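# Descriptive analysis of the structure
The primary structure of each chain is shown beneath.
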Amino acid sequence: MPERVLIVDDEEDLRYIYTRQLRGDGYALDTAADGEEAIEKIRQNEYAVILTDMRMPRKDGLAVITAAREYLPEAEIIVLTGHGSLENALQAFKAGNIFEYLLKPLDDIAVLNTVVARALERRNLRKHNRELFEQLQRAYEELRQKSEALIQQEKMSAIGTLAAGVAHELNNPLTAVVGFAQLIAEKLRSNRPANWSDTEYERVAQAVENLVQGAHRSRDIVGSLLRFARATKPDARSLIDINQTLRDAFVFTEHLLLRNGITLEKHLAPELPPVWGNAARLQHVFTNLLINAQQATPSGGVVRIITERSDEPKGVWIHVEDTGQGIPPEELEKIFEPFYTRKEEGIGLGLSIAKQIVEEHGGEIRAFSEPGKGARFSVFLPADEAQTIDPPHVRRQAA
């Protein structure tokens, strides 16, 4: 489309001369007979260049320049006046950053073509520079996000190495603790000391049972650390039991919920198809969602996690629900954006990284909320159709 130019002058002959002179350069030309008419056109149209007289009836050139700066900040302004003075020039430049100040009559009318062409060049250059700056800003934000993600991956890798070392060191002594605890419990059940009262026997039996449960709990934690350590590299993929990945996430989050007076309800569906993915990165997603739910839920509330099978498309849904105050609709649209946060001390990367990880696995993450009724985050992960994971020990734990 041709660039639009507005010519503002109260002398009809001059408007005709300027229009005739510029018509050959291919511009779309408009005219105005005074400042008021010019301002009305400026409000309604997009002009690249405005040529304006200073002294005109109704509203003068200063009013035109002011309106142009308000409605068309990128337009270049050329002043053509027959009342040139230092005061007029200063007023014109003060009203707006004008491109040129010319005195009438022009010695060579052809200079008008040159000045308008130069004004358009400056406008286009400024527009190009702004677009480059915006591209640079976007590239910087993208680089910053990738840098944050890389740092996170490096942290995960370092934690994985540490976790592997700790888990291997603990594994052997824990195996002994579990074995001896079970042995003591069996001996106590089969051979009760004759000189113990019922109260003493029940107290010791309960203590041994607590010891057995604690030993099993510690062994589960070590197992979670080992699984975490084996899958800390983003490219490491295997068939994953999503319910087990969630149980590993519970190891790190359930105590946090209980400490804050929040009940964790688990509704893990049996016979879920396996997902081909990175267990540690998906565990990071679910841990983040559980921590967010804990922070949104007051003491006495409930955080609920649900898994269910999806047949079309084939996959697994994981839902994390809280009973907090919910998320306002205007914020719900932004929560997956990088650096957007509702927390005073947050940096706003948790949910954006979670979204990135889920999408890396070919899935999607959605958020639903009604103010005052809590929030629900739903993750879909496509399944591997070759197998269904549901060994007997998984069924027992899910129950």
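Quick look at the structure, then. Keep in mind it's a predicted model, so treat the numbers as computed, not measured. (Residues numbered from 1 in each chain as written. Predicted model: local features only at pLDDT ≥ 70, side-chain atom pairs only at ≥ 80, totals over all residues. Heavy atoms only, no water.)

### What to know about the sheet that holds strand E1 (residues 4-8)
Using the following cut-off: Two strands are counted as paired when DSSP detects at least two bridges linking them. Each helix corresponds to a stretch of at least 4 residues labelled H or I by DSSP, and each strand to a stretch of at least 2 residues labelled E; elements are numbered beginning at the N terminus. Axis angles are defined between N-to-C directions and span 0 to 180 degrees, where every axis is a line fitted to C-alpha atoms and, for a helix, only to the segment in contact.
Taken together, the 5 strands give an open sheet; going across it, the order is E2-E1-E3-E4-E5, and neighbouring strands pair in parallel fashion. The open sheet has two free edges, formed respectively by strand E2 (28-32) and strand E5 (100-103), since each of these has just one partner strand. Each adjacent strand pair in this sheet contributes to an overall mean axis angle of 15°, direction not counted. Summarising the sheet, E1 and strand E3 (residues 49-52) pair through 4 bridges and their orientation is parallel.

### Looking at the pairing of strand E4 (residues 76-81)
To keep things clear, this is the line we draw: Categorising residues by exposure relies on relative accessible area from a 1.4 Å probe, with only protein chains included: less than 20% of the type maximum marks a residue as buried, more than 50% marks it as exposed, and the intermediate range marks it as partly exposed. For a crossover, the right-handed case is the one in which the path from the first strand over the helix to the second runs clockwise, viewed with the strands pointing away from the viewer.
In terms of burial, E4 is largely enclosed, as 6 of its 6 residues are buried. Residues Glu76, Ile78 and Leu80 of E4 are buried on one face, and the alternating residues Ile77, Val79 and Thr81, pointing to the opposite face, are buried as well. As judged from the 4 bridges shared by E3 and E4, these two strands associate in the parallel manner. Paired with Ile50 across the bridge in E4 is Ile77. Considered for its hand, the β-α-β crossover made up of E3, helix H3 (residues 61-71) and E4 is right-handed.

### Focus on unusual backbone geometry
With glycine set apart, most residues show a phi of negative sign, and most peptide bonds adopt trans. Of note, the bond from Glu312 into Pro313 is cis; its omega dihedral lies within 30 degrees of zero at 0°. Structurally, Pro313 is set in the loop between strand E9 (302-311) and strand E10 (314-321). Of note, the phi angle at Arg58 is positive, near 60°, even though the residue is not glycine. Its place among the elements puts Arg58 in the loop between E3 and H3. You can call Arg58 exposed: its relative accessible area is 57%.

### So, the nonpolar core
Put simply, the rule is: What makes a nonpolar core is a set of buried Ala, Val, Leu, Ile, Met, Phe, Trp, Tyr and Cys residues whose side-chain atoms join them at distances within 4.5 Å. Contact criterion: two residues are considered in contact whenever any of their non-hydrogen atoms come within 4.5 Å of each other.
Ile242, Phe286, Ile318, Phe377 and Leu381 are the most contacted members of the largest nonpolar core, which has 38 residues in total. Contributions of two or more residues to this core are made by helix H7 (242-259), strand E7 (263-268), helix H8 (279-296), E9, E10, helix H10 (350-360), strand E11 (364-369) and strand E12 (375-382). Residue contributions to this core peak at 6 residues, all from H8. Contact partners of Phe286, with chain neighbours within four places excluded, come to Ile242, Thr245, Leu246, Ala249, Ile318, Val379 and Leu381. Residues Ile39, Met54, Ala68 and Leu72 belong to the second largest nonpolar core, which totals 20 residues.

### Some thoughts on the packing of H8 against H10
Heads up, the rule is: Here is the rule for handedness: rotate from the far helix to the near one, and if that takes an anticlockwise turn smaller than a right angle the crossing is left-handed, while a clockwise turn gives right-handed. Gly is placed with the polar residues, together with every amino acid not listed as nonpolar (Ala, Val, Leu, Ile, Met, Phe, Trp, Tyr, Cys and Pro) or charged (Asp, Glu, Lys and Arg).
As a packed pair, H8 and H10 sit with axes 9 Å apart at the nearest point and diverge in direction by 145°. Here H8 runs over H10; the crossing is left-handed. Here H8 contributes Arg281, Leu282, His284, Val285, Asn288, Leu289 and Asn292 to the contact with H10, which in turn contributes Gly350, Leu351, Ile353, Ala354, Ile357, Val358 and Glu360. A breakdown of the residues in the contact of H8 with H10 according to their chemical character gives 8 nonpolar, 4 polar and 2 charged.

### Details of the sheet that holds E11
Pairing is mixed in the open sheet, where 5 strands are placed in the order E7-E9-E10-E12-E11. On the outer flanks of this sheet lie E7 and E11, each paired with one strand and no other. Averaged over all pairs of adjacent strands, the angle between strand axes in this sheet comes to 15°, irrespective of strand direction. Along the sheet face, H8 touches E7, E9, E10, E11 and E12 and points at about 170° away from the line of E12. Across the face of the sheet, H10 comes into contact with E11 and E12 while running at roughly 25° to E12.

### Some remarks on the environment of Asn45
The test is simple: We define a polar contact as two N or O atoms separated by no more than 3.5 Å, with the added condition that, inside protein, one atom must be a possible hydrogen donor and the other a possible acceptor, whereas residues neighbouring each other in sequence contribute only through side-chain atom pairs.
Residue position: Asn45 is located in the loop between helix H2 (35-44) and E3. For the pair Asn45 and Leu72, spaced 27 residues apart in sequence, the C-alpha separation works out to 9.0 Å. Ignoring any residue separated from it by four or fewer positions in sequence, one finds Asn45 in contact with Arg4 and Leu72. Here Arg4 takes part through its side chain, which lies 3.4 Å from a polar atom of the side chain of Asn45. There is a polar contact of 3.4 Å between the side chain of Asn45 and the side chain of Tyr47.

### A short note on the side chain of Thr307
Tracing the backbone shows Thr307 in strand E9. Those residues in contact with Thr307 that sit more than four places away from it in its chain are Ile242, Asn243, Leu246, His267, Leu268, Ala269, Leu272, Trp317 and Ile318.

### What about H10?
Of the residues making up H10, those classed as buried are Leu351, Ser352, Ile353, Ala354, Ile357 and Val358. The elements touched by buried residues of H10 are H8, E11 and E12. At the C-terminal side of H10, Gly362 shows a positive phi close to 75°.

### Considerations on the side chain of Ser369
Among the secondary structure elements, Ser369 is positioned in strand E11. Engagement of the side chain of Ser369 in a polar contact is seen with the backbone nitrogen of Ile327, the distance being 2.7 Å. Only 2.9 Å separates the side chain of Ser369 from the backbone oxygen of Gly374, close enough to count as a polar contact. In this view, Ser369 contacts Gly326, Ile327, Leu332, Gly374 and Ala375; residues no more than four positions away in its chain are not counted.

All we've got here are geometric facts, nothing functional implied.
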